[in-house]
Amino acid sequence: MKHANISLFVTHMGCPHQCSFCNQKTISGSLTEITPEEVKETLIKASCDNNAPENTEIAFFGGSFTAIDRGYMVSLLESAKPFIDNGFFKGIRVSTRPDSIDDEVLAILKKYGVTAIELGAQSTDDDVLKLNNRGHSREDIVNASHIIKENGFSLGLQMMTGLLGDTDEKSLQTCEDIISLKPDTVRIYPTIVLEGTYLGELYKKGEYAPQTLENAVSLCAKLLRRFHKENIKVIRLGLHSGGNVEDGYIAGPYHQAFGELCEGEIYLSVAMEVLKDYGEGKYIIYVNPREISKMTGQKQKNKNYLLSSGYEITVKGKEDLKKYEVEIQRNER
């Protein structure tokens, strides 16, 4: 079933810390405080959209929703709740900090129709969290995740790669730690260096080196494949284009089709694993019809790489194949 969000940005006024990578104006495109009236107007307009999927949620993103002023938080929820009660939208999704979750706030969220809570975990390595001024610990992530699930909410966890002090090994361990918490959804963001951030200052002084696009794609493809194996849905890979991200960009692995690059990397890896048992020659690679472009790769990247390795391939669709599955057949033509 298709899913969509009606995204409402609450900026970072609720955040008690200025994280090393964060410039919410760049990410969301605005620092203006959204009002309850604007929430209502946005949702009235969205409820009239006949093309919106049935599985649409109201989503308060961009800040630490449960860390903002309590009265303001409730006023936003009060504006949104009637649209849940009347069946226009499936539920409300919020993003917040692991150290801003307790029984009291969860009771409020449940009262107003919140169904999903995403935690900005970013890393489960305490040294990485400290270096990037996250202001919470690995233990906070674990405790918040457990209490969210115990109270019947859908749990989402967000992680980042390439943070200050991070390594591929630490990111892979964060992945395993997240898997152990059994979230329903995950978002993966490679660290982008933005104007107005601590990382931006360090980068300009030569004290921080971001991931290259190639390295970020390679690592995130491994993470994506690992989450897929555990049936944990990755609902976002990389920052959305737009929202002034391009204007604030300094350095790092930003690409408008980052997710597709990662999926193409997975298909290339899977195909190479199978083809290594074959000799050089011509082959047909079958994938699910919806995955043909990913197997081929952006700008025919995978196809060209395989050709340079001695495999001339044609990619075709086969309905009974699942995501990331391939079948190989010799092409006798």
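This text follows the structure it describes.
Think of each chain on its own: its residues are numbered from 1, step by step along the sequence as written. With pLDDT at 70 or above as the cut-off, local features in this predicted model cover only qualifying residues; side-chain atom pairs require 80 or more to be listed or tallied, and sums for whole chains, interfaces and linings still use all residues. To get the side-chain values, take all heavy atoms of the structure and skip hydrogens and water.

## Topic: the overall build of the chain
The condition is simple: Here a helix means four or more residues in a row that DSSP labels H or I, a strand means two or more in a row labelled E, and each is numbered from the N terminus. Burial here depends on accessible area, computed with a 1.4 Å probe over protein chains only, as a share of the maximum for the residue type. Under 20% is buried, over 50% is exposed, and the range in between is partly exposed. Surface exposure here means Shrake-Rupley accessible area, sampled with a 1.4 Å probe, where a residue is shielded only by the protein chains that are shown. Note on charges: Lys and Arg go in the positive column, Asp and Glu in the negative column, and His and the chain ends are not counted at all. All charge positions are set by atom: Lys at NZ, Arg at CZ, Asp at CG, Glu at CD.
From N to C terminus, the chain includes 13 helices and 12 strands. The burial tally for the chain puts 51% of its 333 residues in the buried class. A total of about 16,100 Å² of accessible surface is found on the chain, and carbon and sulfur atoms cover 47% of it. Charge separation in the chain, taken as the distance between the mean sites of 39 positive and 47 negative side-chain charges, equals 5 Å.

## Some thoughts on unusual backbone geometry
At Lys 299, a position not held by glycine, the phi torsion is positive, near 55 degrees. Note that Lys 299 resides in the loop between helix 12 (292–296) and helix 13 (301–308). Located in the positive-phi region is Tyr 324, a residue other than glycine, with phi close to 70 degrees. With respect to the helices and strands, Tyr 324 occurs in the loop between strand 11 (311–317) and strand 12 (327–330).

## Some remarks on the environment of Met 159
We apply this condition: Only heavy atoms enter the contact rule, under which two residues are in contact if any of them lie within 4.5 Å.
Looking at the element boundaries, Met 159 is found in strand 5 (residues 154–161). For Met 159, a relative accessible area of 0% translates into the label buried. Setting aside its immediate chain neighbours within four residues, Met 159 contacts Gln 122, Ser 171, Thr 174, Cys 175, Ile 178, Arg 187, Ile 188, Tyr 189, Leu 223 and Phe 227.

## Brief notes about the pattern of salt bridges
Which entries qualify depends on this criterion: A pair is scored as a salt bridge if a Lys or Arg side-chain nitrogen falls within 4 Å of a carboxyl oxygen belonging to Asp or Glu.
One pass over the structure, following the stated rule, counts 17 salt bridges. Taken together, the shared-partner salt bridges connect Glu 57, Arg 93, Glu 118 and Arg 187 into one network.

## Quick look at the packing of helix 3 (residues 70–85) against helix 4 (residues 103–111)
A pair of packed helices is captured by two measures, namely the crossing angle of their axes and the spacing between those axes. Note the following rule: Helix axes are fitted only over the stretch in contact, all axes being lines through C-alpha atoms; the angle between N-to-C directions runs from 0 to 180 degrees. Note on terminology: angles under 35 degrees are roughly parallel, angles over 145 are roughly antiparallel, angles of 65 to 115 are roughly perpendicular, and the others are oblique. Crossings are classed by handedness, with left-handed meaning an anticlockwise turn of the near helix from the far one by less than a right angle and right-handed meaning a clockwise turn.
It is the contact of helix 3 with helix 4, at a shortest axis distance of 10 Å, that shows an interaxial angle of 20 degrees. Relative to helix 4, helix 3 is oriented roughly parallel. Where helix 3 crosses over helix 4, the two elements pack in a sense that is right-handed. Contact residues: Arg 70, Met 73, Val 74, Leu 77 and Lys 81 in helix 3; Glu 104, Val 105, Ile 108, Leu 109 and Lys 111 in helix 4.

## Describing helix 2 (residues 36–47)
Just so we agree on the cut-off: What a helix is expected to span follows from its residue count: subtract one and scale by 1.5 Å. An arc is given here, and it is the one of the directions from the helix axis to the C-beta atoms.
Taking 1.5 Å per residue, 12 residues should reach 16 Å; helix 2 reaches 16 Å between its end C-alpha atoms and fits that length. Along helix 2, the residues classified as buried are Pro 36, Val 39, Leu 43 and Ala 46. Along the axis of helix 2, the buried positions cluster into a sector of 90 degrees, meaning they face one direction only. Turned more than 90 degrees from where helix 2 packs its buried face, Glu 37, Glu 41 and Lys 45 sit exposed.

## A look at the environment of Glu 263
Heads up, the condition is: We call two N or O atoms a polar contact when they sit within 3.5 Å, provided that within protein one can donate a hydrogen and the other can accept it, with sequence-adjacent residues counted only if both atoms are side-chain atoms.
Looking at where Glu 263 falls in the secondary structure, it is placed in helix 11 (residues 258–275). C-alpha of Glu 263 to C-alpha of Arg 225: the two residues are 38 residues apart in sequence and 8.6 Å apart in space. Look past the residues within four positions of Glu 263 in its chain and what remains in contact with it is Leu 224, Glu 291, Lys 294, Lys 323 and Tyr 324. A polar side-chain atom of Glu 263 sits 2.8 Å from a polar atom in the side chain of Lys 323. Within the structure, Glu 263 has its side chain in polar contact with the side chain of Tyr 324 (distance 2.7 Å).

## Structural notes on the sheet that holds strand 11
Here is the rule we go by: Strand pairing follows a simple DSSP-based rule, namely that at least 2 bridges must link the two strands.
Spatially, the three strands line up as an open sheet ordered 11-10-12, and their pairing is mixed. Two strands close off the open sheet at either side, each with one partner strand: strand 11 and strand 12. Taking each pair of neighbouring strands and ignoring which way they run, the sheet shows an average axis angle of 30 degrees. Pairing of strand 10 (residues 281–287) with strand 11, which is carried by seven bridges, proceeds in the parallel orientation. Bridge pairing in strand 11 links Gly 281 to Tyr 311. In the packing of helix 11 onto the sheet, contacts are made with strand 10, strand 11 and strand 12, and the angle to strand 10 comes to roughly 130 degrees.

## A look at the packing of aromatic side chains
What counts here: To pair, rings of Phe, Tyr and Trp, with the six-membered ring standing in for Trp, must have centres within 6.5 Å; the planes then decide the type, stacked if under 30 degrees apart, edge-to-face if over 60, and tilted in the middle.
Across all of its chains, the model carries seven aromatic pairs by this definition. The interplanar angle of 40 degrees and the centroid separation of 6.4 Å between the aromatic rings of Phe 83 and Phe 89 together place this pair among those described as tilted. Residue Phe 83 is classed as buried on the basis of its relative accessible area, which comes to 9%. Exposure remark for Phe 89: the relative accessible area of 5% places this residue in the buried category. For the ring pair Tyr 249 and Tyr 254, a centre distance of 6.1 Å and an interplane angle of 45 degrees mean the geometry is tilted.

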